[in-house]
Amino acid sequence: MTTAPAEAAPDTASGSRAAPATGWLTPAPTSLPRPPAPPAPAVRRGPLAAFGVAGAALTGYVWSEHGAKQGVLLLLGLGLGFALFHSRFGFTSAWRQLVAVGNGAGLRAHALLLGTTATLFAVIIGTGTGLFGSEPAPSAGRIGLGLLIGSFVFAIGMQLGGACASGTLFAVGSGQSSIVLTLGGFIAGSTLAAWQFDLWRDLPAYDAVVLSDHVGWLGSWALTLAALAGIVALTRYVQARRNPPPAGVVPTARGAARALRGSWPLAAGAVVLALLGAGVLLVSGGAWGITSAFALWGSKIVGALGGSPESWSFWQQSNNQAMFDGAVLADKNSLTDIGIMLGAGLAAALGGTWALHRGIPARTAVAAVIGGILMGIGARLAGGCNIGAYLAGIASGSLHGWIWGAVALAGTWAGLRLRPLFGLANPRPKDSVC
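In every chain, residue numbers begin from 1 and rise along the written sequence. Confidence filtering applies because this is a predicted model: local features only for residues at pLDDT of at least 70, side-chain atom pairs given and counted only at 80 or more, and all residues used for totals across whole chains, interfaces and linings. Note that water and hydrogens are dropped before the side-chain values are worked out from all heavy atoms of the structure.

For the chain, an unreviewed UniProt entry supplies the name YeeE/YedE family protein and the organism Streptomyces carpaticus. UniProt positions are given in the numbering used here, feature names are shortened, and annotations may be inferred rather than shown by experiment. Its UniProt record gives the chain the following Subcellular location (unreviewed entry) comment, quoted word for word: "Cell inner membrane". Its UniProt record, at the heading Sequence similarities (unreviewed entry), says of the chain: "Belongs to the TsuA/YedE (TC 9.B.102) family."

Colleague: Can you lay out the overall build of the chain for me, pointing to particular residues and giving the numbers?
Modeller: Secondary structure assignment for the chain yields 18 helices and two strands. In summary, the chain has a C-alpha radius of gyration of 21 Å against a globular reference of 22 Å for 434 residues, a match within 12%. Overall, the C-alpha framework of the chain stretches about 70 × 55 × 45 Å when taken along its three principal axes. Summary of the burial criterion: residues with accessible area below 20% of their type's maximum are buried, those above 50% are exposed, and those between are partly exposed, where the area comes from a 1.4 Å probe applied to protein chains only. Expressed as a percentage of its 434 residues, the buried residues of the chain come to 53%. Once local pairs closer than 6 in sequence are excluded, the contacts in the chain between residues at least 24 apart make up 83%. When the accessible surface of the chain is split by element, carbon and sulfur atoms take 66% of a total near 17900 Å². Residues scored as charged are limited to Lys and Arg (positive) and Asp and Glu (negative), so that His and the chain ends carry no count. The atom standing in for a charge is NZ when the residue is Lys, CZ when it is Arg, CG when it is Asp and CD when it is Glu. Averaging the coordinates of the 25 positive side-chain charges in the chain and doing the same for the 13 negative ones gives two points 18 Å apart. Secondary structure elements are taken from DSSP: a helix is a run of H or I of four residues or more, a strand is a run of E of two residues or more, and numbering for both begins at the N terminus. Only the C-alpha atoms count toward the radius of gyration. The rule for a globule is 2.2 Å times the residue count to the power 0.38. By definition, residues are in contact when any of their heavy atoms lie within 4.5 Å. Reported accessibility uses the Shrake-Rupley method at a 1.4 Å probe radius. Residues are deemed covered only where the shown protein chains occlude them.

Colleague: So what's going on with the nonpolar core? Which residues, and what values?
Modeller: Here, nonpolar core refers to any group of buried Ala, Val, Leu, Ile, Met, Phe, Trp, Tyr and Cys residues whose side-chain atoms link them within 4.5 Å. Core analysis: the biggest nonpolar cluster contains 88 residues, and Phe89, Phe154, Trp288, Trp315 and Trp404 have the highest contact counts within it. The residues touching tryptophan 315, leaving out its near neighbours within four places in the chain, are Ala194, Ala295, Leu296, Ser299, Pro309, Asn320, Gln321, Met323 and Phe324. Within the second largest apolar cluster, 11 residues are counted, among which are Ala118, Phe121, Ile125 and Ala278.

Colleague: Lay out the packing of helix H6 (residues 165-173) against helix H7 (residues 177-195) with the relevant residues and their values.
Modeller: Here H6 crosses H7 at 135 degrees, and the two axes come no closer than 9 Å. Taken together, H6 and H7 sit at an angle that is classed as oblique. Like other packed secondary-structure pairs, H6 and H7 cross with a definite hand, here left-handed. On the side of H6, the interface is formed by Ala165, Thr168, Leu169, Ala171 and Val172, while H7 contributes Ile179, Val180, Thr182, Leu183 and Phe186. The classification used treats Ala, Val, Leu, Ile, Met, Phe, Trp, Tyr, Cys and Pro as nonpolar, Asp, Glu, Lys and Arg as charged, and all other residues, Gly among them, as polar. Along the lines of polarity and charge, the residues of the contact of H6 with H7 split into eight nonpolar, two polar and no charged. For helices, the fitted axis covers only the stretch in contact; all axes are lines through C-alpha atoms, and the angles between them, taken along N-to-C directions, range from 0 to 180 degrees. By the definition adopted for this analysis, an angle is roughly parallel if under 35 degrees, roughly antiparallel if over 145, roughly perpendicular if from 65 to 115, and oblique otherwise. By the definition used in this description, the sense in which the near helix is turned from the far one sets the handedness, with an anticlockwise turn below a right angle giving left-handed and a clockwise turn giving right-handed.

Colleague: Hey, could you go over unusual backbone geometry for me, with residue numbers and the actual values?
Modeller: The backbone phi angle of phenylalanine 132 is positive, close to 55 degrees, even though this residue is not glycine. Along the chain, phenylalanine 132 turns up in the loop between helix H4 (105-127) and strand S1 (143-144). A residue is classified by how much of its surface remains accessible, and phenylalanine 132, at 44% relative accessible area, is partly exposed. With a phi angle near 50 degrees, asparagine 243 is a residue other than glycine that sits in the positive phi range.

Colleague: Residues and numbers for the pattern of salt bridges, please.
Modeller: Two side chains that carry opposite charge are able to pair once their charged atoms sit near each other. Put simply, a salt bridge is a Lys or Arg side-chain nitrogen that is within 4 Å of an Asp or Glu carboxyl oxygen. In this structure the tally under the stated criterion is two salt bridges. The residue arginine 201 makes a salt bridge to aspartate 198 at a minimum N-O spacing of 3.2 Å. Judged by its relative accessible area of 38%, arginine 201 is partly exposed.

Colleague: Give me the packing of aromatic side chains: which residues, what numbers.
Modeller: Any two of the Phe, Tyr and Trp rings considered here, Trp counted by its six-membered ring, make a pair once their centres fall within 6.5 Å; the pair's planes then place it as stacked at under 30 degrees, edge-to-face at over 60, or tilted in between. One pass over the full model with this rule turns up 17 aromatic pairs. Considering the side-chain rings of phenylalanine 197 and tryptophan 200, the 4.9 Å spacing of their centres and the 85 degrees angle between planes classify their relative orientation as edge-to-face. In this pair, phenylalanine 197 and tryptophan 200 both sit in helix H8 (residues 197-200), three residues apart, roughly one turn of the helix. A relative accessible area of 15% means that tryptophan 200 is categorised as buried. On the basis of an interplanar angle of 75 degrees and a centroid distance of 5.5 Å, the ring pair of phenylalanine 197 and phenylalanine 314 is categorised as edge-to-face. With phenylalanine 197 in helix H8 and phenylalanine 314 in helix H13 (residues 313-316), the pair connects residues that are 117 residues apart, well separated along the chain. Here the aromatic residues Phe89, Phe91, Trp95, Phe154, Phe186, Phe294, Trp297, Tyr390 and Trp404 are joined through ring pairs into a cluster of three or more. Counted as over-ring charges are cases with an Arg CZ or a Lys NZ within 6 Å of the ring centre that also lie within 35 degrees of the ring normal. Over the ring of phenylalanine 324 we find lysine 300; its NZ or CZ atom is 4.8 Å from the centre of that ring.

Colleague: Can you break down the environment of aspartate 202 residue by residue, with the values?
Modeller: Position of aspartate 202 among the secondary structure elements: in the loop between H8 and strand S2 (205-206). On the basis of relative accessibility, which here comes to 66%, the residue aspartate 202 falls in the exposed class.

And the structure:
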């Protein structure tokens, strides 16, 4: 996504070189050329067989026990995990690179994902098109103190835990052991927030604002794309001014094998993720989401240990009670979450990079758990995460998605200042990659 700038003329006042201006059709500049990607290692046949068998067996079981709709949702999750891993599509790293050194390549990929998803959502929801009898609906969230606190806390948690909601799942699937700790904290934080629902349920908030209610779906789509174009222009301006190091590279196969064993361009990942996310909306009637499943899993564990989560106010709400009473493998977000982990495992095994990481430093482990807990609490307060609130909200034309993203940038700034306390590095302007 980034390239080295052409040689610029020296700045006569300082002797340094100024970043050249860039146009819309030229790559945004970086201070050094992006290094070539190393070749992909050999396929990890053992993990590939294990994830392949697990994916096929689970899909067959879900299809036979819960029906074709749930089976398709699991397959969509597998595809999401495959695309997330191969494109290394990050939300945490994109915000970190932008705030720390001004590299906006990741946020421009977000804009492509958001714009493509918004286009597909406008067609699907605007025409009322659904499969399996579903009725597609926009993801709209209330605007209030919970949204502001939750998105800020979530962003701090991302930077400490090392991954966002989607990133946590695909990293766990690819064998990153430290992120297993993040996932554990994520589940614990989500469950804690569900248990203490009465403490935050009545935080002041205004009703949701959905653009299509005021300007129709065509107007909502046009305004969303215009705002995203403005973000792209702003990130290019910031990057040209700060001239950051390029983003890092990962091993990849060459040629046609790159589709299965390579590192995909961020743009390719954005488009594939948008198509699969639209598939989730078509099949289920709701946008792709992640974190409500973590509260469900944690509450089920509490119940298995002798607790009574069914008595919690959170699960007594009509829209949540059916989720809790049903089977985990019939829950939409649980199916796509599990699918993401399996799909990422398949992708990592095919790419030859699947491995369990050992020897996690103590401070990194503590940061992972704390970060996960903060994300779990933040997602519940804000009504969603980087997928359920940020992606689904903006793509639905809901104002809360834009607010979530803006506050998350501020939370990223705070999180970057906490990372060194746990021995975690931040990108620096003179790094070779960020």
